[in-house]
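What the coordinates show
Given next are the chains, with one letter for each unit.
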Amino acid sequence: MLTSEQTVAVNTVEENVLVSAGAGSGKTHVLVERYVEILRRNEEISLANIIAVTFTRKAAAEMRSRLKSKFLSLSRDAAEIAGGYSERWRKTMLEVDGARIGTIHSLCESILKAFPGDCGIDPQFLVLDELKTSEMLSSSVEHAIRTVIGAEPGSTAAGVVPLPALDDALLVLNEFSIDELRKLLSGMIRSSMQLKQTLAAVWAACGSPAQTGQFSMVPPQASLKAAAQAVMNQVREQASQSLLQDPELKRALLWLSDNPHSDPKNGLEAVRLEVLSQFEEASKGPAALTWQAFQAIAACGLKAGGNKPESKELREGLKSVRERIKAVVEKLPPSLLPEDERGFACARGLLQLFQIAYEYYGEEKAKLTALDYNDLIDQTIRALSQPQSRARLYFHERLRALLVDEFQDTNDVQARLLSLMAGPDTRLFLIGDDKQSIYKFQGADVATFNKWKSSLEDGVLDFTGASLVTKLTSSFRSHPEVVDFVNAVFYRLFDRDPRVLPYVAAFEALSPARQAGATSSSESEEESRVEVILHEKPEEDPTSQDVYEARLVADWILDKLARGVSLTDKSGAQRPLAFGDFAVLVQRNRDFAQFEQVFASLGIPFVVFGGSGFLRRQEVLDFESLLRFLDKPQDSHSLLAVLRSPFCALSDDLIHRIGAAGDGPLYARLQTMAAGSAPPAVAKAAQLLRRLLDEAALLPLSELVHKIVSGTGYELAMLAAPDGRQRSRNVWKLVHLACQDDHLSCGEF
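Residues numbered from 1 in each chain as written. Predicted model: local features only at pLDDT ≥ 70, side-chain atom pairs only at ≥ 80, totals over all residues. Heavy atoms only, no water.

Looking at the overall build of the chain
If you tally the helices and strands in the chain, you get 32 helices and 14 strands. Split into buried and exposed, the 749 residues of the chain put 42% on the buried side. Counted over contacts in the chain with a minimum sequence separation of 6, partners at least 24 positions apart contribute 72%. With an accessible surface of roughly 38,700 Å², the chain has 54% of that area assigned to carbon and sulfur atoms. (Helix = DSSP H or I, 4+ residues; strand = E, 2+ residues; numbered from the N terminus. Buried < 20%, exposed > 50% of the residue type's maximum accessible area, 1.4 Å probe, protein only. Contact = heavy atoms within 4.5 Å. Areas by Shrake-Rupley, 256 points an atom, 1.4 Å probe, with all protein chains shown as cover.)

A look at the packing of helix 22 (residues 545-562) against helix 23 (residues 592-601)
Running from amino to carboxyl end, helix 22 crosses helix 23 at an angle of 50 degrees, the nearest separation of the two axes being 9 Å. The angle between the axes of helix 22 and helix 23 places the two elements in the oblique class. Between helix 22 and helix 23 the crossing geometry is right-handed. Where helix 22 approaches helix 23, its residues Asp546, Val547, Ala550, Arg551, Val553, Ala554 and Ile557 are matched on the opposing element by Gln594, Phe595, Gln597, Val598 and Phe599. Residue classes in the contact of helix 22 with helix 23 are distributed as eight nonpolar, two polar and two charged. (Axes fitted to C-alpha atoms, helices over the stretch in contact; angles between N-to-C directions. Parallel < 35°, antiparallel > 145°, perpendicular 65-115°, else oblique. Left-handed = near helix turned anticlockwise from the far one by under 90°. Nonpolar A, V, L, I, M, F, W, Y, C, P; charged D, E, K, R; others polar.)

Notes on the pattern of salt bridges
Enumeration over the complete set of coordinates arrives at 37 salt bridges. Notably, a salt bridge pairs Arg272 with Glu269, separated by 2.7 Å at the nearest N-O pair. Taken together, the positions of Arg272 and Glu269, both in helix 13 (residues 267-284) and three residues apart, correspond to about one turn of that helix. Judged by relative accessible area, Arg272 falls into the buried class, the value being 6%. The class of Glu269 is buried, set by a relative accessible area of 7%. Between Lys435 and Asp433 there is a salt bridge; the shortest N-O distance is 3.1 Å. (Salt bridge = Lys/Arg side-chain N within 4 Å of Asp/Glu carboxyl O.)

Structural notes on the side chain of Gln594
Assignment of secondary structure puts Gln594 in helix 23. Residues within four places of Gln594 in sequence aside, it is in contact with Asp546, Val547 and Ala550.

Observations concerning the pairing of strand 8 (residues 401-404)
Where burial is concerned, the two faces of strand 8 agree: the one with Ala401 and Leu403 and the one with Leu402 and Val404 are both buried. Where strand 2 (residues 50-54) meets strand 8, four bridges bridge the pair, whose relative direction is parallel. Across the sheet, Ile51 pairs through a bridge with Leu402, a residue of strand 8. Here strand 8 pairs with strand 9 (residues 427-432) via four bridges, running parallel. Looking across to strand 9, one finds that Val404 is bridged to Leu430. Between the parallel pair strand 8 and strand 9, the chain is carried across by helix 19 (residues 412-421), and the sense of this crossover is right-handed. (Pairing = 2+ DSSP bridges. Right-handed = clockwise from strand over helix to strand, strands pointing away.)

A word on helix 7 (residues 130-149)
Helix length check: helix 7, at 20 residues, gives a terminal C-alpha distance of 29 Å against a target of 28 Å (1.5 Å per residue), a fit within 8%. Among the residues making up helix 7, those that are buried are Thr133, Met136, Leu137, Ser140, Val141, Ala144, Ile145, Thr147 and Val148. Two or three places before Lys132, at the opening of helix 7, Asp129 has a side-chain oxygen 2.7 Å from that residue's backbone nitrogen. (Expected span 1.5 Å × (residues − 1). Polar contact = N/O pair within 3.5 Å; in protein donor to acceptor, adjacent residues only side chain to side chain.)

Set out below in C-alpha cells:
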C-alpha cells in the first residue's frame, strides 16, 4: 500500500523527480517501488538500464534484498501470472545481484575499470582502504612539516613552493600544535575536491580565473581579502533578501503601518515613520543601500514616547521589528577586522603546508598505482568529460533511470558526475531530506540539494523531460504526540527560506501516519509520549555535571521498570518494559563514558552503538586483528595480535620462538614450527588458524564470526575477565553487526 504522496513519487517515472522525504516517511520503500514501476511500465528495460546510488554499502544490500522479495512476490502474484509476466519477474529476481546498486564510489570504480582509456589510468589500479589512506596521509603531513622546518631560504620546497614565501607556513607552526596541524592538513587532503572549488572562487574574486581549481599557487594576501569581502557582500545580500521575505517581519511591519500613534508629535511616531521609510528603501535596493537601511533600523532607539498604554504597545511593535532585524545584522561584522590579517596569513600558511603534503601524497599513490575515494570521483568526471568519451556515450545510450538515495548528503562535484551520466532518455529520481544532512565533515553540502530542488521547481535544469518536486511528510515511525513535539520544536529551528539561503534546511511539518489514541487502555494514562526533564545539580553534590545527568537518566529508566510501565509492541500485544526498550542518544562521542560508568555501577546492561569507545574495546580489536589475518594471511602484524589474544593465548616467549622458526611471514613460521616438535599450545594455535582460514574461504561473514565465537572459547575468556558481562555483550554486538553486513568480506568488515 502507498500513501497519496508515495503514489506520486512512485508513478511519475517519465519525469525527473526530486522528493523531499521526512524522517520515517518510507523513503526506501518508495525507492524500491519506483524501481519496480520503471520495469513494469517499460518492458524493453532491464536492470542493466537502471542505476541506483546509495550512501552506504549497507543501504545497497538492503535495497537488493527488498527488490528480490518484491520480484519474488510479483512472480507468484495471480494477476501477474494471468498477464504472462511471472517469468519476467522471476528472471529479474535472479539478476538483482548483478544490478548496478551501490555507493557512488563503487559506481566510479566500475566505470574506471571498464573505461580506463578515457582518463589514461591503469585498469589494475588499487583502491586505498581507510587504514592505508590514514597511514599515507600521516606520512605526507609529516613530510610537509619537516620540509618547512628544515627549509633553507632561497630554495624550493617539493618543487612547488618558493621557500622565501614560507614565512606564513612557519607562522602556522607557531600558532598550532603538531597534533592540530595533522588533523587540519589530513582533513584538507580528504576534502581536496571541495578545496579546489574554494580556491577557484578565491582566484575568481581577484580576477584570475586561470588559476581556477589548481594547487600550483597559493593565493596572495590581497586575493584572500578580496574573496572574503566578496563572500561578506554575498552573505549580506542573502541575509537582506531573507529579511525582506520574512513573513513574521512582514506581519509586524503591517501592524506598524496600520497603527500610527494618536499624537503625531510623539517620539515613537517619528521612529515608526523612520522604520517604515527605511524598510521601503531596503525593498528598492541596491544591495549596499538595503543593508544600510537594515543597519539603521537595528540601531534605532525606543526610549522616547512616554509610558502610556498606547506608547507601550507601539514600542513593543517597534521592538519586535528592530530585534528581528538586529538579530541578523549583528551576526555580520561591518567590515574586515584588523585580526583578519593574521587569519589570512595563517590561511596562506596552511595552504602552503597542504600543497607540499598533497604533492607528496600524490607521488606515494602513484608508486602504488592506487586511487583514494576522491580520485575515484575526480577521475570518473575526467573520463565522462572527454570530448569523445566512450563512457559517457555508453551511459547516454543505455541509461534510462538514475535513482539517488540520500541526495542531501551529496555535493556539487558528485552531482556533476551524475549529471554527466544522464543522457536524453535518462530520468532522474533524487530522494533525501535536507534536515538530515549530517555528513558535512565528509564533504556533503545541503546547498546542492536545495539548488537542485529550486532548479527542478523552476524547470531550468538541462535535462529532457518534465520536472517535478514533491514530498513525503507522513511519519510511520513515531506516535502522533512525538510528531507534534518535533514539529513544535523544529518549526523554530528551521525557519529560513532555502531559496534565499541555500545552505540551510527548510522546515516541513510531519504528519503522523499512526492514529492518535492507539495506545491500549491498559497503558498508564499518566505516561506521556514526551517528557522534558529539566535539572540543576545541587551545589553539595560532588559529582560532575555530566555524571549527575547520566545518573538522572539511569534513575528514570529504573523508575519506569520498577513501576511496571508497559508498552504495545508491533503485534499489538502488551508487555512490560525491558532494558532493551531504552535508547540513550548523546551529542558527542565523548559523552558515552559517563553513561557507561553510571550504568555499570547500577547494574544496567547496555551495548554502545556508536562512538569510538566500542571500536577501542580490546575484545573488538582482537576480532579486528583476526579478521584482518583471515583476509590476508601474510599480515604478520595482525597475526601477532591474534597469537597474544585469548584466541590463542600464547606467551611472548613462545611467540619469540615462532619468529625465530624460519623465514617469511609470521604465519609461515608458525606452520614451520607446528610441523616439528612444537609445544601443544603452538600446535593448537596453528590448527585453529588453518581451520578458520578454510572456513573464511567458504562461509558468509555472519556464519564465520558466529563460528569464531562459539568454536574458540573466546566468550568464556571474556566472561572470566573483569567486567565480563559487558565484554560478552560487546562480542555479541559484533556478531549482530556482522549479520547486518553479511555481504562484506573479512577485510571489508
